[in-house]
Amino acid sequence: MTEHQLREQESRIARYRHLEREVTDPLAACLLHSIIEDLEAELRRDRRGLARAARLTLS
């Protein structure tokens, strides 16, 4: 994943967080929370992969 894609993912997460705060249905809020957690885990994984690739490039 590129830096640009990471920033897009961060924006997507921010939009879901906003929706989570605005929604009044408890089930919808729970589902959004679950989606956010999955997206954040994916983002962390992708950031580690990008950092690893950068280190290999510098070696």
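Structural data are supplied above this passage.
Rules used throughout
- Residues numbered from 1 in each chain as written.
- Predicted model: local features only at pLDDT ≥ 70, side-chain atom pairs only at ≥ 80, totals over all residues.
- Heavy atoms only, no water.
- Axes fitted to C-alpha atoms, helices over the stretch in contact; angles between N-to-C directions.
- Helix = DSSP H or I, 4+ residues; strand = E, 2+ residues; numbered from the N terminus.
- Parallel < 35°, antiparallel > 145°, perpendicular 65-115°, else oblique.
- Left-handed = near helix turned anticlockwise from the far one by under 90°.
- Contact = heavy atoms within 4.5 Å.
- Nonpolar A, V, L, I, M, F, W, Y, C, P; charged D, E, K, R; others polar.
- Expected span 1.5 Å × (residues − 1).
- Salt bridge = Lys/Arg side-chain N within 4 Å of Asp/Glu carboxyl O.
- Buried < 20%, exposed > 50% of the residue type's maximum accessible area, 1.4 Å probe, protein only.

Caption draft 1: Looking closely at the packing of helix α1 (residues 3–22) against helix α2 (residues 26–58). Contact geometry for α1 and α2: axes closest at 10 Å, N-to-C directions at 160°. Put simply, α1 runs roughly antiparallel to α2. The hand of the α1/α2 crossing is left-handed. In this structure, α1 uses E3, L6, Q9, E10, R12, I13, Y16, R17, L19 and E20 to contact α2, whose residues at the interface are A29, L32, H33, I35, I36, L39, E40, E42, L43, D46, R47 and L50. Of the residues in the contact of α1 with α2, the class split is 11 nonpolar, two polar and nine charged.

Caption draft 2: Quick peek at α1. End to end, α1 covers 29 Å across 20 residues, agreeing with the expected 28 Å (1.5 Å per residue, within 8%). The elements touched by buried residues of α1 are α2.

Caption draft 3: A look at the pattern of salt bridges. Under the counting rule described, the total for this entry stands at two salt bridges. When the shortest N-O distance is used, the salt bridge between E10 and R47 registers 1.9 Å. With E10 in helix α1 and R47 in helix α2, the pair connects residues that are 37 residues apart, well separated along the chain. Overall, the relative accessible area of 37% leaves R47 in the partly exposed class. Between R17 and E40 there is a salt bridge whose closest N-O contact spans 2.1 Å. Residue R17 is found in helix α1, and its partner E40 is found in helix α2; the two are separated by 23 residues along the sequence.

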